[in-house]
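In case you want the letters, here they are:
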Amino acid sequence: MSGVEYAHAPAAQQASLEDRGNDQAYGNSSIHPPAVRAEPSSGSGSMHLKADAITKAAAEQRQSLKTQAGALLRKNAQYQRRNIGTNLCLLASPIVFCVLLLVVQVALNKLLTGDDYKCGCQCTKCCFNDDTNNCTSSSTGTCPDTCFERNLSACGVQYSTATQAAFCEIAHTSSWPPILQTPSEEERATPQKPKVAFLYTGPNPHLAQILSQRLVSEPDFGPLQLLAAQKYLAAFNDDMQYSPTAVPAELLSLMGFRLGSSSTIKAGLYVEPALIGDTATLYTLWPEGTCSDLGLEGAVNTSLTAMLQAMSNASNSPGVANIVNARLENITAMLSGGGDSSSSSAYSAQLAGIKLNCTDVVLSQEPDATAMQRTLYCGYWQAACSVAQETNGYAAAIDWRNTDSTTFAPNLYYNDTHGDDDGSTAYQRSPQIFNMAVHSWLKSVMGEYASVLCGTHVAAVHASCHLALSGPGQEVLDVVAGQSLPTNAQQSAHVSTSEPWVSAA
C-alpha cells in the first residue's frame, strides 16, 4: 500500500483508491461513506451557454438556406443557358408578330387605295368625258361622270356609291322609343272602353296600388325639357350629314311620353310601324282623367305640336306656358330640316308629322293572381268563359308579389296573341311594360329623382343599362343605370295558342 503513487493519478482514480483504502480500513466493503458530487452553478453562466447555443443554431440555419438558394439559382441559370434558343424565341415572338401586323397593314393600305375603298365625299368639280375644260359644279355633291375635286370635310353616305357606303361612319343610328302593345279602341275591355285598362294585384293591396299608380306619369313639359329637347336635336342634326336616314324617335321618350300602339309589329324592327308607315297608330298613355284636363278627350290624330302645347299648358303657369309654346314650332321645324338644322331625312320629316291619340289608363285591382289570370283568359274571344264571344283586351297586367323597398320581383303579363302566327321569329313590344314597372318601383324607393336618372322626364341626363332576359323571345330592356333585376325576375315566357297571355316572371 505504501508503494502506490497517488500524485499523478486522476482525481477520479485517487478518489476510488481512497474509498477502497477506507473500506479496507473499516473492514466492511458494503458500507461506504457519503459521496460528495459537484453540482453545476445555476447562475448567469448557464444562461450565456444557452444563448450561445441558440445563436449558433440560427446561424447554421441561415447558412443552410443561403447555400440552398445559391445552389437552386446556379441550377436554374445552367438550365436556362442550355435552352438559350427557346428563350430567344419567346422574347422575339411579340416583336415578330407586331412586324407581321405592320406588314399586313401596309400591304392592305397599298392594295385598297382609291376612292372605292373610302367613304365618298362631296364632289365640287364634275367633268364630262374626263375633259377638264368641260366641268361644272355639282349642287347635289355627286358626279355622274368623273369628279376631279372633292370637299374632304363633307363626306357621308349621301355622297357615296354602294361600295363606298360600307366604309362610312354611322354617327347616329336610328332610335325608337319603347312602345306598349295596346288593344285598339274597339277591342278594349268593358266597362273601361274606350279607355285602356291595366290589371294589377299583390299580397299587399295598399303597396300594389301605390306602385301601380306610378306606372304612368302626369304630363310634365316645361322650359327645362324644351331646352334639353332642342339640345338633343341640335346634336342629332349635326350628325345627319353623315347618316341622313337616321330617325331620332327616342326624343319622344325624352319628352316624357308613354306610348302604346295597336299596329302589328314587323320582323326586323328597322322601322317601327307604330311611328312610320301608312297604318301608324300611336297612343299617348296618361293617368285617368288627364285627357280631359289636357282638353284632348275624344280627340283623334292630334299633332305632336298640339300635344306638347297641351302638356305645357297643364304643367306650367300661363306665363311660362306661353314662352314654351312659342318655341315648340322650332322642334318640329328641326325634325323637318328647318329651324336651327341644315339637314333631315324623310323618316325624320314623317316623325315630325306623327299623329297622337290621347288615351287614359284605368287601373283595375284584382283580388289575387288567380283571379287576374282568369280575367285575362276570359278576355280572349275564343275562351270558353267569354260569354259575349268578343275581345276584352288589356294593355298589361302586373302581379307585384313580394315586391317591397328592397326587392323587385313582380310577374309581368303581356299579350302574345300574335307572337307566333306564322311560325317565324316573333318580336314583341314587351320592353315598355318592364320599363314602366322598373320606373314605378324606383320612384317609390328613390323618389321622383329616379325619373331624371332614367331620362324619361329630363333629357339632359341620358343614362341606361341593359338587362338581358333569357328564354324564348329574347329582349334587351332599357332600365336605369346601376340597377338590375334579381335572379327571380328573369324571363320565362310561355307561349300558348289557347292562352294568349304570357308571364315574364
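Here the structure is shown first, and the text comes after it.
All figures in this text were calculated on a predicted structure; none of them were measured in a lab. (Residues numbered from 1 in each chain as written. Predicted model: local features only at pLDDT ≥ 70, side-chain atom pairs only at ≥ 80, totals over all residues. Heavy atoms only, no water.)

Undergrad: Just give me the short version of the overall build of the protein, but keep the residues and values in it.
TA: A count of helices and strands for the protein gives 14 helices and 14 strands. For the protein, the proportion of its 505 residues judged to be buried stands at 37%. Across the protein, every contact between residues at least 6 apart in sequence was considered, and the portion connecting residues at least 24 apart equals 66%. (Helix = DSSP H or I, 4+ residues; strand = E, 2+ residues; numbered from the N terminus. Buried < 20%, exposed > 50% of the residue type's maximum accessible area, 1.4 Å probe, protein only. Contact = heavy atoms within 4.5 Å.)

Undergrad: Describe the side chain of Asn 357, naming the residues involved and giving the relevant values.
TA: Mapping Asn 357 onto the fold places it in strand β9 (residues 355-365). Take Asn 357: its relative accessible area is 11%, and that puts it in the buried class. Engagement of the side chain of Asn 357 in a polar contact is seen with the backbone nitrogen of Asn 301, the distance being 2.9 Å. Beyond its immediate chain neighbours, meaning those up to four positions away, Asn 357 contacts Leu 282, Tyr 283, Thr 284, Ala 299, Val 300 and Asn 301. (Polar contact = N/O pair within 3.5 Å; in protein donor to acceptor, adjacent residues only side chain to side chain.)

Undergrad: Describe the side chain of Arg 429, naming the residues involved and giving the relevant values.
TA: The residue Arg 429 is located in the loop between β11 (411-415) and α13 (431-446) in this model. Only 2.6 Å separates the side chain of Arg 429 from the side chain of Gln 181, close enough to count as a polar contact. Within polar-contact distance, the side chain of Arg 429 engages the backbone oxygen of Ser 263 at 2.7 Å. In this structure, Arg 429 is in contact with Ile 179, Leu 180, Gln 181, Ser 261, Ser 263, Thr 264, Ile 265, Glu 272, Pro 273 and Ala 274, ignoring residues within four places of it in sequence.

Undergrad: Any details on the state of the cysteines? Residues and values, ideally.
TA: The term disulfide refers to a covalent linkage connecting the sulfur atoms of a pair of cysteines. Inspection of the entire model under this criterion finds seven disulfides. In this model, Cys 119 is linked to Cys 168 through a disulfide, with the two sulfur atoms separated by 2.0 Å. Residues Cys 119 and Cys 168 share a disulfide whose torsion about the S-S bond is about 95°; that sign makes it right-handed. Of this pair, Cys 119 sits in the loop between α3 (84-111) and β1 (121-127) while Cys 168 sits in the loop between α4 (162-165) and β4 (179-181), placing them 49 residues apart in sequence. Given the relative accessible area of 11%, Cys 168 is considered buried. Each disulfide pairs two cysteine sulfurs, and for Cys 127 the partner residue is Cys 135, the sulfurs being separated by 1.7 Å. With the S-S bond torsion at 100°, the cross-link from Cys 127 to Cys 135 turns out right-handed. (Disulfide = S-S within 2.5 Å.)

Undergrad: Give a detailed account of the pairing of β1, specifying residues and quantitative values.
TA: Bridge count for β1 against strand β3 (residues 146-155) is six bridges, and the pairing is antiparallel. Paired with Cys 121 across the bridge in β3 is Cys 155. Pairing of β1 with strand β2 (residues 135-136) involves two bridges; the strand directions are antiparallel. Looking at the pairing, Cys 126 lines up with Thr 136 of β2. (Pairing = 2+ DSSP bridges.)

Undergrad: So, the pattern of salt bridges: which residues are in play, and what are the values?
TA: Tallying each qualifying case throughout the model produces one salt bridge. We note a salt bridge from Lys 195 to Glu 288, for which the minimum N-O separation is 3.5 Å. In this pair, Lys 195 is assigned in the loop between β4 and β5 (196-201) and Glu 288 in the loop between β7 (283-287) and α8 (290-294), connecting sequence segments 93 residues apart. The exposure class assigned to Lys 195 is partly exposed, which follows from its relative accessible area of 24%. (Salt bridge = Lys/Arg side-chain N within 4 Å of Asp/Glu carboxyl O.)

Undergrad: Account for the sheet that holds β2, naming residues and giving values.
TA: Taken in spatial order, the three strands line up as β2-β1-β3 in an open sheet, and their pairing is antiparallel. Strands at the two margins of the open sheet, each flanked by one partner only, are β2 and β3.

Undergrad: Now, about α3: what can you tell me, with residues and values included?
TA: The terminal C-alpha atoms of α3, which comprises 28 residues, lie 40 Å apart, in line with the 40 Å expected from a rise of 1.5 Å per residue. Within α3, the axis deviates most sharply at Ala 92, by approximately 40°, and proline Pro 94 lies no more than four positions further along. (Expected span 1.5 Å × (residues − 1). Bend = angle between axes of the 7 residues up to and from the residue.)

Undergrad: Pulling in residues and values, what's your account of the packing of helix α5 (residues 205-213) against α13?
TA: At a minimum axis separation of 8 Å, α5 and α13 run at an interaxial angle of 110°. As the angle between them shows, α5 and α13 are arranged roughly perpendicular. Considering how the two elements wind past one another, α5 and α13 form a crossing that is right-handed. Each of Ile 210, Leu 211 and Ser 212 in α5 lies in contact with α13, whose residues at this interface are Ser 440, Trp 441 and Ser 444. (Axes fitted to C-alpha atoms, helices over the stretch in contact; angles between N-to-C directions. Parallel < 35°, antiparallel > 145°, perpendicular 65-115°, else oblique. Left-handed = near helix turned anticlockwise from the far one by under 90°.)

Undergrad: Could you give an account of the packing of aromatic side chains, with specific residues and numbers?
TA: In this structure the tally under the stated criterion is three aromatic pairs. Positioned above the aromatic ring of Tyr 283 is the side chain of Arg 188, whose terminal nitrogen or guanidinium carbon lies 4.7 Å from the ring centre. (Phe/Tyr/Trp six-rings, centres within 6.5 Å; stacked < 30°, edge-to-face > 60°. Lys NZ or Arg CZ within 6 Å of the ring centre and 35° of its normal.)

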